[in-house]
Amino acid sequence: MPDFSYPDVLIVGAGLAGVGMGVGLRRAGIENFVVLEKADAVGGAWRVNTYPGCACDVMSMMYSYSFAPHDGWSKLYADQPEILDYTRRVVKDFALGAHIRFDSEVVSYEFDDAIDRWWVRTRGGDLYCPRVVVLCHGALHRPHIPEFPGRDRFSGPIVHTAEWDPSIDVTGKRVAVIGTGASAVQVIPAVAEAAERVAVFQRTPHWVLPKMNRAIGDRERRLLSTVPGLRALYRTIAFWTHEIPVAGFLHPRLLRVLRWAALRTLRRQVPDPALRAKLIPDYTIGCKRILLTSDYYPALSRPDVDLVTAGIAEFEPRGVRTVDGVLHEADVIVLATGFDTDNRCAGEHIVGRDGLTIERAWRDGMQAYLGMSVSGFPNLFLVMGPNSGGGAQSILFVIEAQIRYIARCLGLMRRGGATRIEVRPEIQQEFNHWLHAKLSRSVWNSGGCDSWFLDHTGKNRQCWPGTGTSYWWATRTPKSRSFELTRESPLRATEIQ
Ligand code: N01
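Rules behind the numbers
Residues numbered from 1 in each chain as written. Predicted model: local features only at pLDDT ≥ 70, side-chain atom pairs only at ≥ 80, totals over all residues. Heavy atoms only, no water. Domains from an automatic or database assignment. Contact = heavy atoms within 4.5 Å. Buried area = accessible area lost by both parts, 1.4 Å probe. Salt bridge = Lys/Arg side-chain N within 4 Å of Asp/Glu carboxyl O. Polar contact = N/O pair within 3.5 Å; in protein donor to acceptor, adjacent residues only side chain to side chain. Helix = DSSP H or I, 4+ residues; strand = E, 2+ residues; numbered from the N terminus. Nonpolar A, V, L, I, M, F, W, Y, C, P; charged D, E, K, R; others polar. Pairing = 2+ DSSP bridges. Axes fitted to C-alpha atoms, helices over the stretch in contact; angles between N-to-C directions. Phe/Tyr/Trp six-rings, centres within 6.5 Å; stacked < 30°, edge-to-face > 60°. Lys NZ or Arg CZ within 6 Å of the ring centre and 35° of its normal. Near = heavy atom within 4 Å. Areas by Shrake-Rupley, 256 points an atom, 1.4 Å probe, with all protein chains shown as cover.

(A) Examining the domain arrangement of the protein chain more closely. Partitioning the protein chain into structural domains gives domain 1 (9-142 + 340-486) and domain 2 (151-216 + 242-335). In this assembly, 36 residues from domain 1 lie in contact with 30 residues from domain 2. Across the interface of domain 1 and domain 2, roughly 3000 Å² is buried in total on both sides, 58% from carbon and sulfur atoms. Counting the surface domain 1 buries against domain 2, the share from its top three residues, Tyr51, Asp57 and Val443, is 22%. Connecting domain 1 to domain 2 are 1 salt bridge. For Arg289, the salt bridge identified is with Asp57, shortest N-O distance 2.4 Å. The tally of links between domain 1 and domain 2 comes to 15 residue pairs in polar contact (both at pLDDT 80 or more). Counting residues per element, the ones that place at least two in the side of domain 1 that touches domain 2 are α13 (443-446) and α14 (468-474). The class makeup of the residues in the side of domain 1 that touches domain 2 is 17 nonpolar, 15 polar and 4 charged.

Here you go:
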């Protein structure tokens, strides 16, 4: 029986990333691992994001692992409950349950130089001493709650999309939705169906393309599971559907065709020219993540939905007052205001080699090597770390590449008899130099918008400067020369050649 107090690997988070990492370890023959989950169930982002209309804007055939294919999707783009269900299915199919410790929120990580292991403490007082820690706690997990003046004075409930309270019933209510990003365009049409009136507060319009969703019927599902190669064909189509736009994001001149398609969608779906004018962004398409939705514009065109473009002045007991002096009365306020993304590990007590804290290492902004390793933090890997996502490709494709890479790094350690692996600082520096030079020409940096891809200094800390394929290529095999691989010895660490 493995000793989970001294595991080979400790994974933090039992969302899709942590669960996938667990499968990756099992497939690599590593059984002595534990997954710590702060909640009492698996699912991560897909467990907490339960707002009405929550769904995925990536095709299900790509929003799933190649090692855990699923033929049961009911639509081309799945809704939240199906993805949560898929996560549970992966846990069951790969018998991960015994490895997961629920209600185990980590409060500190400290690297022990003497034994090349981490000391990991949970809020409940449990102590683990893993050789390697893999952080799978997600990139978008800290809701951004703006400090609107008078926030405490509003008399009704205020709820962030990522902290949805199922007891809130919007039926027959006046609802104010703040924000018009990926979460907002899903919640607005759903809320508009039930509410008496919806006021949508838009600070910046986002570019929208139609979501070509449709049901997958029983017959098609049967064919998918019986006809050899059919599922692979669907996945290939889904892969390229998400991959091709990335070429435009890197060479913005190619984006003209997407702009044309977006303006055509707007013309077709919004008959009112005054409303249309408010919805045309003034920055290059792709600068903010393009929104895939076919019911957002029709929802805004409803007579019981108002698009408010005046800035928010304050919250009052009866609603939201805008800077033009108008009070927009509301019974419920929905904050679809996104996430704090400047520092994935903000507030976490992570102390690496020689007492270096992650706060200090990232005082000028997050950076890592290939989004996974940070110099000064041996035996620590991040999944979805800095500059590893952000494109249009499915994040699960990126995560799968990271799972494989991390498993192979563990293989490097095992083969060399190493007890410590740490990215060399000059490799990390050189990599980030290349990365930011390449990003400077991308639409995310030069498209004339502000987005969660950029940190407060304007530096892009989220996007990989290439396609999913290029990330897969860059991470297919870890190079031992990128790392210091050492063996703990009674006197000092011995470098492994
Ligand atoms: O957040 P966002 P999101 N006053 O940051 C506005 C993923 N995701 O939760 O554009 C007024 O995109 C802000 O305005 P502006 C996906 O990667 C995936 O929607 O900054 N408004 C914006 O309109 C996505 O990119 C799925 O001017 C304020 C909105 O709030 C990421 O999550 C589904 C404000 C925030 O938009 C984030 O999406 C949903 C303020 N003080 C999300 N502060 C999938 O389907 C913010 N805003 C996989």
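(B) The sheet that holds strand β16 (residues 327-329), seen in detail. Taking strand neighbours across the sheet as the criterion, the 3 strands line up as β14-β15-β16 in an open arrangement whose pairing is antiparallel. Two strands in the sheet have a free side with no partner beyond their single neighbour: β14 (312-316) and β16. Taking each pair of neighbouring strands and ignoring which way they run, the sheet shows an average axis angle of 25°. Here β14 pairs with strand β15 (residues 319-322) via 4 bridges, running antiparallel. Bridging from a neighbouring strand, Ile312 pairs with Thr322 of β15.

(C) The arrangement of the packing of aromatic side chains in detail. Tallied over the full model, the rule gives 19 aromatic pairs. An aromatic cluster is built from Tyr369, Phe431, Trp434, Trp464, Tyr471 and Phe483, whose rings are joined through pairwise contacts. Note that Arg476 overlies the ring of Trp473, its terminal NZ or CZ placed 3.6 Å from the centroid.

(D) Examining the site of the ligand more closely. Contacts to the ligand come from 25 residues, most closely from Asp57, Thr180, Ser183, Thr204 and Lys288. Side-chain polar atom of Thr204 to an oxygen atom of the ligand: 2.4 Å apart, as the coordinates give it. In this structure, an oxygen atom belonging to the ligand sits 3.4 Å away from a side-chain N or O atom of Arg289. Here the ligand, which alone exposes 920 Å², has 86% of that area covered by the protein. Across the shell around the ligand, the residue classes break down as 11 nonpolar, 10 polar and 4 charged.

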